[in-house]
Amino acid sequence: GLVFLSRCPEALRRAKAALQSGEAEATLAAVVQGEPSPRTIEEVNEVSGFGIRVLRSSEGLRFGRLSLIEVTTQCGPTLAIKAIRQALASVGHLIIGNGQSCARAAGVSGTYLAVT
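Visitor: I'd like a rundown of the overall build of the chain, residues and numbers included.
Guide: What the chain contains, in helices and strands, is four helices and four strands. N-terminal to C-terminal, the α/β element order of the chain is α-β-α-β-β-α-α-β. Residue pairs at least 24 apart in sequence account for 63% of intrachain contacts in the chain once pairs closer than 6 positions are excluded. Total accessible area on the chain is roughly 7400 Å²; 54% of this is exposed by carbon and sulfur atoms.

So, in C-alpha cells, the structure goes:
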C-alpha cells in the first residue's frame, strides 16, 4: 500500500485528489525474460495504455537474456502489477524470479519488481 506523510493538510488534500482523479502515476521496474523489441513495446503500450521502455539488457548465466524495464501507468500500483505481468506474458516476456537473485542475475541491485 501507499503511505503518504505530509507536514500540512493542504498537501495531503492535493495528493489525495490526484490519486482519486487518476492524475498521479506509478512507475514500476521489472526484470523480464528476453529483450522486448521496439515493435513489441509499442504493441503492449497501445493495448494496455502503459508506458514501457527498456532500461538495460544483458546476458544472464542462469536465465538467458534479461532486460530491466520501466513501466509507467496511471492506475494504482497494486492493479498495475497484475496487468503488467499479464501484458508482458502475452508477448513472451515473463517477469521472472522471486527477489534479489534475479536482480543480481541481470546485473542490477534491487528487487525484481519495485514501485517508485
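Visitor: Please set out the environment of Glu59 residue by residue, giving values where relevant.
Guide: When you line up the elements, Glu59 lands in strand β2 (residues 51–60). Each C-alpha atom, one on Glu59 and one on Gly34, is 9.0 Å from the other, the two residues being 25 residues apart in sequence. If sequence neighbours within four positions are ignored, Glu59 has contacts with Gly64 and Arg65. Here the side chain of Glu59 touches Arg65 through a polar contact of 3.4 Å, landing on its backbone nitrogen.

Visitor: Can you tell me about the pairing of β2, naming the residues and giving the values?
Guide: In terms of strand pairing, β2 meets strand β3 (residues 64–73) through nine bridges, oriented antiparallel. From the neighbouring strand, Ser58 faces β3, where its bridge partner is Leu66.

Visitor: How would you explain the pattern of salt bridges if you had to name every residue and give the values?
Guide: If you walk through the whole model with that rule in mind, you get five salt bridges. Linking Glu35 and Arg65 is a salt bridge whose minimum nitrogen-to-oxygen distance equals 3.0 Å. Taken together, the positions of Glu35 in the loop between β1 (26–33) and α2 (38–48) and Arg65 in strand β3 put the pair 30 residues apart, joining distant regions of the chain. What makes Glu35 partly exposed here is its relative accessible area of 42%. In this structure, the salt-bridge partner of Glu70 is Arg53, at a minimum N-O distance of 2.9 Å. Linking Glu70 in strand β3 with Arg53 in strand β2, this pair joins segments that are 17 residues apart in sequence. Exposure remark for Glu70: the relative accessible area of 22% places this residue in the partly exposed category. Overall, Arg53 belongs to the partly exposed group, its relative accessible area being 46%.

Cut-off values and rules
- Residues numbered from 1 in each chain as written.
- Predicted model: local features only at pLDDT ≥ 70, side-chain atom pairs only at ≥ 80, totals over all residues.
- Heavy atoms only, no water.
- Helix = DSSP H or I, 4+ residues; strand = E, 2+ residues; numbered from the N terminus.
- Contact = heavy atoms within 4.5 Å.
- Areas by Shrake-Rupley, 256 points an atom, 1.4 Å probe, with all protein chains shown as cover.
- Polar contact = N/O pair within 3.5 Å; in protein donor to acceptor, adjacent residues only side chain to side chain.
- Pairing = 2+ DSSP bridges.
- Salt bridge = Lys/Arg side-chain N within 4 Å of Asp/Glu carboxyl O.
- Buried < 20%, exposed > 50% of the residue type's maximum accessible area, 1.4 Å probe, protein only.

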